[in-house]
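# Structure at a glance
One-letter residues, chain by chain:
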Amino acid sequence: MARPREQQLRKILVLVNVLALTIGMVSVVAASLMTHQQVLATVLSLIGGAFVSAAVVTLAIGSLTVRETTEQVDSAVLRGMQDVLGPVRDPLFAGALSAYRYDCLLTVPPPGDAHPDYLYQNFRISYRVETLPKTVGIVCMASNDDACLTGYTGPDWLLRWMIDDTLDPDDPEVFTIGAVRVDNRELERKPPVHEPVAGGKARIHQFSVPSDARVTPGHLVELSITARKYIGNDRRVRIQAQVFRHVTDAEYRLTVDPALKPVRLAVSASEVSPLGAAHGGSVRSTFPAPFGNLAGLVQLPFPLQPGSVMAFTIDREIG
């Protein structure tokens, strides 16, 4: 009940101030017109000036008070939320991937390629992480069933990649690991192993992280991959990247081979789930026309929750 009464009182005070301002202005105008009655004109001028000055000052102080009160309440709420959510966010950020960078190059297959209906998707991922396990892995799954992903979760896996179940994950023209580095050191690669997964099979690559590279906190992880993306006769190609851990300061770049004949490039971050306020993001084409359809950029300086998806959609010319 107190708040509605306060609001009603504020409205009454505003109306009174407006009325006083109106009376003051009318008095000043009337005084200026009464040139033949000096005394009355002087009195009206003084009264009008007083009304105008009082109304203006009261309105200004009233608006300033409301603004200051609002700012104080907002500040108190923000501090309270930070105090409550701080202990929750700190453990999340401790294991988050920071300075996350995803660079992708789409190229068309050369003449005589064994898979002419599939583009080459060349990408590089880098990020910083506080700690690393003794062994990290990359898995390529030949399956069309998303259930195959559930068995490969956690910080032990640097990348989980799905290809069509008609392709062979052992074919180097289908999936190739270029380099896996930690702090600019190439990791030792173990012989690949194979496992059955839902809807197909998986090829697993594991890499040993040196013990001296795990002594100090904070590590730069880099990996480069070449995979295949089906295109066939589709006029529209969608390239998406999904994060499976908390990520901060993410940047995604896509470059398109002109031989793909792109006529339009759309960049989207509509499926992003921020952790906190989402401010300062940028989603756009990288270059001005007529080269805006050859490269796209997504910059998200705020924290992202697992499951966030960044997408690039290319419309191309057929024939």
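Anything mentioned here points back to the structure above.
Please read all numbers here as calculations on a predicted model, not as lab measurements. (Residues numbered from 1 in each chain as written. Predicted model: local features only at pLDDT ≥ 70, side-chain atom pairs only at ≥ 80, totals over all residues. Heavy atoms only, no water.)

Within the fold, Ala179 resides in strand β5 (residues 175-182). Residues Ala179 and Arg124, 55 residues apart in the sequence, show an inter-C-alpha distance of 9.3 Å. (Helix = DSSP H or I, 4+ residues; strand = E, 2+ residues; numbered from the N terminus.)

The subject of this paragraph is unusual backbone geometry. That bond from Ala289 to Pro290 is cis: its omega, 5°, falls within 30 degrees of zero. Here Pro290 shows up in the loop between β15 (282-285) and β16 (295-300). Phi is positive for Asp183, close to 55°, though the residue is something other than glycine. The residue Asp183 is located in the loop between β5 and β6 (185-186) in this model.

This part covers the nonpolar core. Counting 55 residues, the largest nonpolar core has Tyr100, Tyr102, Ile138, Leu223, Tyr252 and Ile314 as its most contacted members. With 6 residues, strand β2 (residues 118-129) is the single largest residue contributor to this core. In contact with Ile314, other than residues within four places in its own chain, are Leu106, Arg235, Arg236, Val237, Ile239, Leu254, Val256, Leu260, Pro262, Arg264 and Leu265. Residues Cys148, Leu149, Val197 and Ala202 belong to the second largest nonpolar core, which totals 9 residues. (Core = buried A, V, L, I, M, F, W, Y, C linked by side-chain atoms within 4.5 Å. Buried < 20%, exposed > 50% of the residue type's maximum accessible area, 1.4 Å probe, protein only. Contact = heavy atoms within 4.5 Å.)

This part is about the packing of aromatic side chains. On inspection of all chains with the given rule, the structure shows 7 aromatic pairs. Taken together through their ring pairs, the aromatic side chains of Tyr100, Tyr102, Phe123, Tyr127, Trp161 and Tyr252 make up a single cluster. It is Arg160 that lies over the ring of Phe244; its NZ or CZ is 3.8 Å from the centre. (Phe/Tyr/Trp six-rings, centres within 6.5 Å; stacked < 30°, edge-to-face > 60°. Lys NZ or Arg CZ within 6 Å of the ring centre and 35° of its normal.)

Taken as a whole and assessed by the stated rule, the structure comprises 0 disulfides. A disulfide-free cysteine, Cys140 has its sulfur positioned 9.8 Å from the sulfur of Cys148, the nearest such atom. (Disulfide = S-S within 2.5 Å.)

In space, the 3 strands of this open sheet follow the order β11-β17-β14, with antiparallel pairing throughout. Two strands close off the open sheet at either side, each with one partner strand: β11 (236-242) and β14 (262-271). Ignoring strand direction, the axes of neighbouring strands in this sheet form an average angle of 15°. Direction of pairing for β14 relative to strand β17 (residues 309-316): antiparallel, over a ladder of 7 bridges. Counterpart to Arg264 in the pairing with β17 is Asp315. (Pairing = 2+ DSSP bridges. Axes fitted to C-alpha atoms, helices over the stretch in contact; angles between N-to-C directions.)

Glancing now at the environment of His246. Residue position: His246 is located in the loop between β11 and β12 (247-248). His246 gets classed as buried once you look at its relative accessible area, which sits at 17%. Between the alpha carbons of His246 and Leu275 there is a distance of 8.7 Å; along the sequence they are 29 residues apart.

Let's shift gears to the side chain of Asp257. With respect to the helices and strands, the residue Asp257 is situated in the loop between β13 (250-256) and β14. We note that Asp257 is buried and unpaired, the nearest opposite charge coming from Arg316 at a distance of 11 Å. Discounting residues that sit within four places of it in the chain, Asp257 has contacts with Leu106, Thr107, Val108 and Pro262. (Lys, Arg positive; Asp, Glu negative; His and termini not counted. Salt bridge = Lys/Arg side-chain N within 4 Å of Asp/Glu carboxyl O.)

This part covers the pattern of salt bridges. In the structure shown here, the tally under the stated rule is 11 salt bridges. Linking Asp113 and Arg228 is a salt bridge whose minimum nitrogen-to-oxygen distance equals 2.9 Å. Within this pair, whereas Asp113 is found in the loop between β1 (97-107) and β2, its partner Arg228 is found in strand β10 (residues 219-230), the two being separated by 115 residues in sequence. One exposure class covers both Asp113 and Arg228, and it is buried. Several salt bridges share partner residues, and in doing so they unite Arg236, Arg264 and Asp315 into one network.

The side chains of a regular strand alternate between the sheet's two faces. The alternating pattern of β11 places Val237, Ile239 and Ala241 on a buried face, while none of Arg236, Arg238, Gln240 and Gln242, on the opposite face, is buried. Sheet topology note: the β11/β17 ladder contains 7 bridges and is antiparallel. Note that in β17 the partner of Gln242 across the bridge is Val309.

With that out of the way, let us pick up the side chain of Thr107. Note that Thr107 resides in strand β1. Assessed through its relative accessible area of 18%, Thr107 is described here as buried. Not counting residues up to four positions away in its chain, the partners in contact with Thr107 are Leu119, Tyr120, Asn122 and Asp257.

Looking now at the pairing of β13. Burial runs high along β13: 5 of the 7 residues are buried. Note that β1 and β13 share 6 bridges and pair parallel. Bridge pairing in β13 places Tyr102 opposite Tyr252. With 6 bridges connecting them, β13 and β16 associate as antiparallel partners. Of the residues in β16, the one forming a bridge with Leu254 is Gly296.

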